[in-house]
Amino acid sequence: MNGTTRNTAGLVLGLTIVAGILTSSATAFALDAYQDRRGLFTGIGLGGGAAFQGDEQGGAMMIDLQLGGGATRDLTFDLDLDVWFQLMDTHENWMITPGPELNYFITEGLFVRGGLGLALVFVTGDEVKETVPGGGKSSEKTDFTLGGDFSLGLGYEFFAGANLALGGVIEGDYVVLKGDDVGSVNFGMELKYY
């Protein structure tokens, strides 16, 4: 009986020590993901800048949505969805550009970005009004075009909390379309949750 009591007391003491070690190290396990870009993330951004198409120039505004993951602390991939409004001299472009994007962090916060994707472009305005017999103009119609989007950018991101990061990026986009291609240079602000 005495041997069994000792073994039980030793087992209880051993389990108590192991439980104490695991409990005290739980905060260290939680810190492993502190301000870490690895794993899934979501992001949203707003931006604006200048757009160029043929002989025309105009202004551009953009909303950016991101869903992705970090492969390492320095490399993230995401599916990016940009919604653009471009006010040109004679027409307006509404663009939706979904596609993959890659961010590589050169330093802790400085990164370069590259992306490509599909461009769905809706054109409205004077340029798409048809001439009708008698010298008048028909009512405004919407023109739709498909194209490709290529982007390259440079930005800086910093953590405002354990998982929340804020950043800014200067980015150039080139949209290849049938007819006149569209180029834009913009500045955007981003908010990401890692």
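Just above sits the structure.
The shown structure was predicted, so the numbers you read here are calculated from the model rather than taken from an experiment. (Residues numbered from 1 in each chain as written. Predicted model: local features only at pLDDT ≥ 70, side-chain atom pairs only at ≥ 80, totals over all residues. Heavy atoms only, no water.)

Observations concerning the sheet that holds strand β2 (residues 56–70)
Heads up, the rule is: At least two bridges found by DSSP between two strands are what make those strands a pair. Runs of E in the DSSP output that reach at least two residues are strands. Runs of H or I that reach at least four are helices, and both are numbered from the N terminus. Axes here mean lines fitted to C-alpha atoms, for a helix over just the part in contact, with angles spanning 0 to 180 degrees between N-to-C directions.
Strand order in the closed barrel formed by 8 strands is β1-β2-β3-β4-β5-β6-β7-β8, and the pairing between neighbours is antiparallel. Here the average twist between neighbouring strands, direction ignored, is 25 degrees. Of the strand pairs in this sheet, strand β1 (residues 39–53) and strand β8 (residues 182–193) are connected by 12 bridges, and their pairing is antiparallel. Looking across to β8, one finds that Ala51 is bridged to Ser184.

Here we look at the pairing of strand β6 (residues 143–159)
Across 14 bridges, strand β5 (residues 110–125) lies against β6 in antiparallel orientation. Directly across from Phe111, in β6, lies its bridge partner Gly155. Looking at chain direction, β6 and strand β7 (residues 164–176) are connected through 12 bridges and run antiparallel. Across the sheet, Tyr156 pairs through a bridge with Gly168, a residue of β7. The hairpin formed by β6 and β7 contains 4 residues between the paired strands.

Here we look at unusual backbone geometry
Let me state the cut-off plainly: A simple rule labels every residue: compare its accessible area, found with a 1.4 Å probe on the protein chains alone, to the largest value its type can have, and call it buried under 20%, exposed over 50%, or partly exposed in between.
Of note in the backbone geometry, Gln35 takes a positive phi value of approximately 50 degrees without being a glycine. The topology assignment puts Gln35 in the loop between α1 (2–31) and β1. Residue classification places Gln35 among the partly exposed residues on the basis of a relative accessible area of 26%.

Some remarks on the side chain of Asn186
Note the following rule: Contact criterion: two residues are considered in contact whenever any of their non-hydrogen atoms come within 4.5 Å of each other.
Within the fold, Asn186 resides in strand β8. Ignoring sequence-local partners within four residues, the contact set of Asn186 consists of Gly48, Gly49, Met62, Trp84, Val169, Ile170, Glu171 and Asp173.

Re the pattern of salt bridges
Pairing between side chains of opposite charge can happen when the charged atoms of each approach one another. Where we set the bar: Any carboxyl oxygen of Asp or Glu within 4 Å of a side-chain nitrogen of Lys or Arg constitutes a salt bridge here.
Going through the model one piece at a time under the given rule, you end up with 6 salt bridges. A salt bridge links Arg113 to Glu101; the shortest N-O distance between them is 3.6 Å. Separated by 12 residues along the polypeptide, Arg113 in strand β5 and Glu101 in strand β4 (residues 91–105) bring together distant segments of the chain. Each member of the pair, Arg113 together with Glu101, is buried. The residue Arg113 makes a salt bridge to Glu171 at a minimum N-O spacing of 3.4 Å. A residue pair is termed long-range when its members are at least 10 positions apart, and Arg113 in strand β5 and Glu171 in strand β7 qualify at 58 residues. Residue Glu171 is classed as buried on the basis of its relative accessible area of 7%.

Topic: the nonpolar core
It is characteristic of soluble globular proteins that their nonpolar side chains tend to be buried jointly. Stated formally: What is meant by a nonpolar core is a set of buried Ala, Val, Leu, Ile, Met, Phe, Trp, Tyr and Cys residues, joined one to another through side-chain atoms within 4.5 Å.
Counting 12 residues, the largest nonpolar core consists of Ala51, Ala60, Met62, Trp84, Met88, Met95, Ala119, Val121, Val123, Val175, Leu177 and Val182. Taken together, the elements giving at least two residues each to this core come down to β2 and β5. Apart from the residues within four sequence positions on either side, Leu177 is in contact with Gln53, Val121, Thr145, Leu146, Gly147 and Val182. Counting residues in each nonpolar core, the second largest holds 7 residues, with Phe41, Phe111, Phe159 and Tyr194 among its members.

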